[in-house]
Amino acid sequence: MKLWLLIASFGMLSSASFNSYAELNGQNIALNCFNCHNPKPAANSAIPSLTGYSQQRLQQALLDFKYDKTNATLMPRIAKAYSDAEISAVAAYLSQQ
Amino acid sequence: MARLSRRDFLKTGAISSFTLLNGCQPLFGKAASKAHVVVVGGGFGGATAAKYIRYFDPTIRVTLIEPKAKYITCPASNWLFAGLTTLDQLSVNYQGLKNYGIEVVCDTVIQINAEQRRLTLSSQQTLNYDRLVLSPGIDFRWDSLHGFNQALSQRFPHAWQAGPQTELLNQQLQAMPNNGTVLICAPPDPYRCPPGPYERASMMAYWLKQHKPWAKIIILDPKRSFSKQALFEAGWKQHYGYGSENSLIEWISLADNQLVSLDAERKTLTTEFGDRFSGDVLNIIPPQTAGKIAIESGLSNSSGWCPIQPISAESSLLPFIHVIGDAGHYAPIPKSAFAANSEAKACALAIVSLLNQQAISSPAWMNTCYSLITPDHGISVANGYQVNADNSITAIKSAGGISQKTDPASLALEAIYTQSAYLNLRTDCFD
């Protein structure tokens, strides 16, 4: 009985926490963003924190990097690694942080 | 249901973990796991794994074993040769991790009993684990050069683990004659920090240009080519006369004529075909393997590195042990601190999923690596990596590569990013 409850609760939680595979993937990719874009950036950091931006704004920025619509050094090379759907999922994850 | 946002976790650390146990719901499962994860090695990989396991599931008990009370980062340590940083500025402590409720034990693991999932520390204390994360970094092969041994690294420092070795090499650089020669013996692939020897030459050249402009750096390379080569060579040409008679830096590939012996008294290296190179300062960076504890525990194969299952970072040789960072065989992902952090996060997610009996999601690794040629001339390489159906890891083809914009303004911007990226990466791992 206990075991059954445990399994049932895991099942419910997993469907509650992760609505889709895309969302999961968004998180796995997005975790890498914090390496440079720290929510607690160093004093005078030239690399901005990503905290406080909407999904729409983050998504547009990433798409602009991907399709070379903005002048940048490193991000275009990174953004090209991901599909538009993945970029959308990354933006969704980051906007909730 | 409210879940712990990254911002809340960062703000409140251990306090929010406590609140979670009693109130809100953690990201994964109920507050029932109470599993114990031990992380061995407090470098970029280990610190990140410990922190992010607690972030994903604060009900998991995490212990970090690290012999040093403070860690001196290898990233940015080459900047010391240019006078841009000090060992003190390169040092981090473990207070930040303790604030997340991670138990930090200052000790060395002397034995891993994989069958009983138990570690023995040098203090003879034993620790049981449900999952072990091993992030032991690198060790050196001291037998590759006749006449060279570990003791001689006190005279011919590798400075490939930052700390006293870095200081020693810097003292030798500063004390050498004004027209002296530095020999940098680059290691064969694979090794920690592929662009490291070339950034080091750049930073030394930056200092020598100001203080000993008649000196010379010769890089003796067992490889045919090296990381970011076109960008380094362009920068050396611009700043250090590369390619000219008076160049501060010379690069010699010895791919078909490898170094075979060292005459320590004469500070002379000899190649297979009898060519000799003498210097005032010899920076011998030996070939590398996974850290000692990984090798001794049977986690490495004949390559000297630890094979892993990419999806979970779990060892292909021993169960319940996950290997991350430089020690792991993640090729083609380079052995960098950024990559160690990326591997650690994917590993943390996998471990939390395993401990909560959930499916593991596909890892998405990334690497970004900046190097300085001067304080105002930065270059980079970046890419994303994926695991394939056949369990291999590949770089994502459509993306990545080295700096494309090489106008002075872009290079100056990349130099500024180099420094910010280093500090922010440090924060992401240790604070």
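From a predicted model like this one, the values you see are computed outputs, not experimental measurements.

Definitions and cut-offs
- Residues numbered from 1 in each chain as written.
- Chains lettered and ligands numbered in written order.
- Predicted model: local features only at pLDDT ≥ 70, side-chain atom pairs only at ≥ 80, totals over all residues.
- Heavy atoms only, no water.
- Helix = DSSP H or I, 4+ residues; strand = E, 2+ residues; numbered from the N terminus.
- Expected span 1.5 Å × (residues − 1).
- Buried < 20%, exposed > 50% of the residue type's maximum accessible area, 1.4 Å probe, protein only.
- Phe/Tyr/Trp six-rings, centres within 6.5 Å; stacked < 30°, edge-to-face > 60°.
- Lys NZ or Arg CZ within 6 Å of the ring centre and 35° of its normal.
- Contact = heavy atoms within 4.5 Å.
- Buried area = accessible area lost by both parts, 1.4 Å probe.
- Salt bridge = Lys/Arg side-chain N within 4 Å of Asp/Glu carboxyl O.
- Polar contact = N/O pair within 3.5 Å; in protein donor to acceptor, adjacent residues only side chain to side chain.

Caption draft 1: Representation of helix 6 (residues 196–211) of chain B within the structure. Residues and elements named next belong to chain B. Given a rise of 1.5 Å per residue, 16 residues ought to cover 22 Å, and the 22 Å separating the end C-alpha atoms of helix 6 matches this to within 8%. With twelve of 16 residues buried, helix 6 is to be regarded as a mostly interior element. Turning to helix 6, its buried residues number three or more, namely G196, P197, Y198, E199, R200, A201, S202, M203, M204, A205, W207 and L208.

Caption draft 2: Representation of the packing of aromatic side chains in the model. Residue and element names in this part refer to chain B. Tallying each qualifying case throughout the model produces 18 aromatic pairs over all chains. Their ring planes at 40° and their centres at 5.2 Å tell us that Y55 and F56 sit as a pair that is tilted. A relative accessible area of 0% places F56 in the buried class. One aromatic cluster is present, built from ring pairs that chain together Y198, F226, F232, W236, Y242 and W251. The ring of F320 carries the charged tip of R117 above its face, separated from the ring centre by 3.5 Å. Over the aromatic face of W305 sits the side chain of K335, whose NZ or CZ is 4.0 Å from the ring centroid.

Caption draft 3: Spatial organisation of the interface of chain A and chain B. Listed per partner, the contact involves 38 residues of chain A and 56 residues of chain B. Summed over both partners, the interface of chain A with chain B comes to about 4,000 Å²; 59% of that surface belongs to carbon and sulfur atoms. In this assembly, chain A and chain B are joined by one salt bridge. One salt bridge in this structure joins A:R77 and B:E414, with 3.5 Å as the shortest N-O distance. Counting the contacts that link chain A with chain B gives 20 residue pairs in polar contact (both at pLDDT 80 or more). When residues of the side of chain A that touches chain B are traced back to their parent elements, those giving at least two are helix 1 (2–17), helix 2 (21–30) and helix 4 (75–79) of chain A. Here the element with the most residues in the side of chain A that touches chain B is helix 2 of chain A; it accounts for six residues.

Caption draft 4: Structural view of the side chain of B:H158. All names here are of chain B. Following the sequence through the fold, H158 ends up in the loop between strand 10 (138–140) and helix 5 (164–175). Residue classification places H158 among the buried residues on the basis of a relative accessible area of 5%. Within polar-contact distance, the side chain of H158 engages the backbone nitrogen of W160 at 2.9 Å. Among residues more than four places away in sequence, those in contact with H158 are F140, W142, S153, Q165, R200, N283, I284, I285 and P286.

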